[in-house]
Amino acid sequence: MGRADLAAVTTSYYGPTEEGTPSVTASVDALGTQIGTVGPILAGPTQAERVEYFTPGNWHLGVFYGGELFADIALAQGKSYTVGWNKAVAAPSLAGTVSDELGPNHARVWRTGSMLDVSIPVLADAAGHPRDWSSPFTVDTGTTSLYRDGQLVGTQNVPGRGVFVTAPFDRAQYRLTTDDTRDQPWWPTSTKVSAAWTFRPTGNPVLPLLGVQFAPAVDLRDSAPGGGDFSFPVTVARQDGPATVSQLSVDVSYDDGTTWQAASVTGSTVTVHHPADGFASLRATAVDQDGNSVELTVIRAYRIGG
């Protein structure tokens, strides 16, 4: 079998340093099961890009760096693909589904009877690859809390994860909050992430939460150019369907959130003015036409210069 019989995947590994080398895993659906590596046993490169070749099939790829990032991808013979891992900005993602003790393949935040089930990967990368919150990874600290009409329903000491008992399918106003702090020398960006969602259930088990994603054009060090204007896309999506955004604002900080200044937002483009070096922290507020809202803060969202 030659290269023409394989799928070529140009793979970029963003961010990790020598103190935090990633490891990779891959398996393919075959013979009624999955065949591939057992655990994260293959060493990945740091701040590098390479072409990886795969036999055609449905592949399950993973990168272990501060928890497991994973993706499912169908690869065809002779085709070329691109995949980026760990690209800034790492932030909460509502994309995809999850399976847990309350049901298979359900939304990240959903209602089942009187239970509200939350499984949000707080440090998903810019491509939306979830970083598995259930990995045996204990360097993070944080909480997840739910409020109903201003009253605390409960708090769990896990970032992005919680199961709460509430009234079944009511029209009360809910506020869901989560925060995640990671203070490690090998983790330079997204060191503190917090988010708060305000929403009213609609009767749909999938709750109307808004998600914000930033996609700056950073290099493999998760760094953007310093000393000038810098523009990047921002998107707002709604978990239960299309979002009609009525308000979107973005602030930027260059001193880890001590002071903030308003960024220019034109349509889905954010423009900021960078200093020569350092880090950019980002804060966003979005509201949709139904009054659902999200507030997101990412400290050290990406590097500048250096």
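Here the structure is shown first, and the text comes after it.
Residues numbered from 1 in each chain as written. Predicted model: local features only at pLDDT ≥ 70, side-chain atom pairs only at ≥ 80, totals over all residues. Heavy atoms only, no water.

A. Molecular detail of the nonpolar core. Core analysis: the largest hydrophobic core is formed by 50 residues, its most contacted members being Val 89, Val 109, Leu 176, Trp 197, Val 212, Phe 214 and Tyr 302. Sort the elements by how many residues they give to this core and strand S26 (residues 293-304) lands first, with six residues. Apart from residues no more than four positions distant in its own chain, Phe 214 is found in contact with Val 89, Ala 126, Phe 232, Pro 233, Val 234, Val 250, Leu 282, Ala 284 and Leu 296. Ranked by size, the runner-up nonpolar core spans 16 residues in total, among them Tyr 13, Ala 26, Phe 54 and Val 83. (Core = buried A, V, L, I, M, F, W, Y, C linked by side-chain atoms within 4.5 Å. Buried < 20%, exposed > 50% of the residue type's maximum accessible area, 1.4 Å probe, protein only. Helix = DSSP H or I, 4+ residues; strand = E, 2+ residues; numbered from the N terminus. Contact = heavy atoms within 4.5 Å.)

B. Looking closely at the side chain of Thr 11. With respect to the helices and strands, Thr 11 occurs in strand S1 (residues 7-13). Accessibility expressed as a relative area gives 2% for Thr 11, which makes it buried. Within the structure, the side chain of Thr 11 is placed 3.2 Å from the side chain of Glu 52, a separation counted as a polar contact. What Thr 11 contacts, discounting residues up to four positions off in sequence, is Ala 48, Glu 49, Arg 50, Glu 52, Val 83 and Trp 85. (Polar contact = N/O pair within 3.5 Å; in protein donor to acceptor, adjacent residues only side chain to side chain.)

C. A look at unusual backbone geometry. In this chain, Ala 88 is followed by Val 89 through a cis amide linkage whose omega measures 25 degrees. Secondary-structure assignment places Val 89 in the loop between strand S8 (80-85) and strand S9 (98-100). We note that Gln 47 has phi near 45 degrees; this positive angle belongs to a residue other than glycine. On the secondary structure map, Gln 47 appears in the loop between strand S4 (42-43) and strand S5 (48-54). Note on Gln 47: relative accessible area 29%, which makes it partly exposed.

D. Here's a closer look at the sheet that holds S1. With respect to topology, three strands assemble into an open sheet ordered S5-S1-S8, the strand pairing being mixed. The open sheet has two edge strands with one neighbour each: S5 and S8. The average angle at which neighbouring strand axes cross in this sheet is 25 degrees, direction not considered. Two elements, S1 and S5, share seven bridges in a ladder whose sense is antiparallel. (Pairing = 2+ DSSP bridges. Axes fitted to C-alpha atoms, helices over the stretch in contact; angles between N-to-C directions.)

E. The sheet that holds strand S20 (residues 229-238), seen in detail. Read from one edge to the other, the open sheet built from four strands follows the order S18-S20-S24-S23, with strand pairing classed as antiparallel. Strands with a single pairing partner mark the edges of an open sheet, and in this sheet they are strand S18 (210-214) and strand S23 (264-266). Taking each pair of neighbouring strands and ignoring which way they run, the sheet shows an average axis angle of 25 degrees.

F. View of the side chain of His 106. Within the element layout of this structure, His 106 appears in strand S10 (residues 103-106). The buried category is assigned to His 106, whose relative accessible area is 6%. One polar contact links His 106 to Asp 100, side chain to side chain, over a distance of 2.9 Å. Separated by 3.4 Å, the side chain of His 106 and the backbone oxygen of Gly 103 make a polar contact. Among all residues touching His 106, those that are not within four sequence positions of it are Gly 96, Thr 97, Val 98, Ser 99, Asp 100 and Asp 117.

G. Structural detail: the pairing of strand S17 (residues 192-199). Among the eight residues in S17, six count as buried, and that is most of the element. As defined by bridge partners, strand S16 (residues 174-181) adjoins S17 across eight bridges and the pair is classed as antiparallel. Bridge pairing links Tyr 174 to Phe 199 in S17. Where S17 meets S26, seven bridges bridge the pair, whose relative direction is antiparallel.

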